[in-house]
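Listed below, chain by chain, are the residues.
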Amino acid sequence: MKVLIIGANGKVGTQLCGKLWGVHDFSPIALIRDSRQQTKFTGIGVPAVTGDLEEGVSKFLPGLDAVVFTAGSGARTGPDKTTDVDQNAAIQLMMDCEKQSVRRFLMVSAIGADPNSQSDRLQHYLRAKGVADGRLRSSNLDYTILAPGTLIDEPGNGRIQAAENLGFHGYLPREDLASAIIETLRNHLTIGKTIQLVSGSEKIKPAIASVVGGGDLPPIA
Ligand SMILES: NC(=O)c1ccc[n+]([C@@H]2O[C@H](COP(=O)([O-])OP(=O)(O)OC[C@H]3O[C@@H](n4cnc5c(N)ncnc54)[C@H](OP(=O)(O)O)[C@@H]3O)[C@@H](O)[C@H]2O)c1
């Protein structure tokens, strides 16, 4: 599966590229914003292309099987950038994928993403993510929305709790999110689903399979 990682230089994107390197059924490409970031990826054997979501990345889409959106404007920017990147650039990417028939789209969203979020602390972010998720659900793409709890940098232990609606919040190591992204891309029953994830006691593969009603499935080529 030839997959473009959008936000590859970020904390989740870096973990994901590291895990995808050398996995026989994946051919990852890192989308970075600054060519100086390139050596980090060539160092782990993942080719990188330089582009900015806000300027459009459609030229990188032909020939891809999938995109993973794990970009984000980050906590250091203001609400305008959140709208520009997490919402509008994500939606533009969906439209470009539709036009160019890149059908598989994995969105990293967040627990609580909702266009009408009333969150005290993260309302603008959760609304922007919620609007983007809503557009993705109404697209004709083969999407999956992974909605993790608060991401932490501790090493993963390969165990999560997953459900379409967990009903509570929690934490998740970025490393485990990266592993969950790979399992989701491999499991075609995740298409059309939103899956919330936090740390838990179940291994990642069966945890995801139990949400979407599948057991072991062959990888999608
Ligand atoms: N933090 C949390 O607790 C939390 C919880 C749930 C979900 N999430 C979501 O998880 C995802 C990954 O989080 P993370 O911790 O890995 O974030 P991160 O470290 O801040 O990485 C975000 C990446 O997005 C890239 N980016 C920003 N604007 C861009 C643009 N215009 N064009 C191309 N790339 C752009 C950044 O590029 P540069 O490296 O060049 O700056 C960075 O590499 C995000 O979608 C976030 O919303 C986070």
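Preceding this section is the structure that the text describes.
Structural notes, computed from the coordinates. As the structure is a prediction and not an experimental result, all values here were calculated from the model.

1. Comments concerning the pairing of strand β1 (residues 2-6)
With 4 of 5 residues buried, β1 is to be regarded as a mostly interior element. As paired strands, β1 and strand β2 (residues 27-32) are joined by 5 bridges and run parallel to one another. Bridge assignment links I5 to a residue of β2, and that residue is A30. Between β1 and its parallel partner β2, the chain crosses via helix α1 (residues 11-20), and the hand of that crossover is right-handed. Examined bridge by bridge, β1 and strand β4 (residues 66-69) share 4 bridges and lie parallel to one another. Residue pairing across strands places I6 opposite F69, the latter belonging to β4.

2. Quick look at the site of the ligand
If you check the shell around the ligand, you find 24 residues, and the closest are G10, V12, D52, A71 and Y125. One of the backbone N or O atoms of K11 is found 2.9 Å from an oxygen atom in the ligand. Between the ligand and L53 there is a distance of 2.9 Å, counted from a nitrogen atom to a backbone nitrogen or oxygen. Computed on the free molecule, the ligand has an accessible area of 920 Å², of which 82% lies beneath the protein chains in the complex. Counting only elements with at least two residues in the shell around the ligand, the list comes to α1, α4 (123-137) and β7 (150-152).

Parameters at a glance
- Residues numbered from 1 in each chain as written.
- Predicted model: local features only at pLDDT ≥ 70, side-chain atom pairs only at ≥ 80, totals over all residues.
- Heavy atoms only, no water.
- Buried < 20%, exposed > 50% of the residue type's maximum accessible area, 1.4 Å probe, protein only.
- Helix = DSSP H or I, 4+ residues; strand = E, 2+ residues; numbered from the N terminus.
- Pairing = 2+ DSSP bridges.
- Right-handed = clockwise from strand over helix to strand, strands pointing away.
- Near = heavy atom within 4 Å.
- Polar contact = N/O pair within 3.5 Å; in protein donor to acceptor, adjacent residues only side chain to side chain.
- Areas by Shrake-Rupley, 256 points an atom, 1.4 Å probe, with all protein chains shown as cover.

Any functional reading would require information that these geometric values do not contain.
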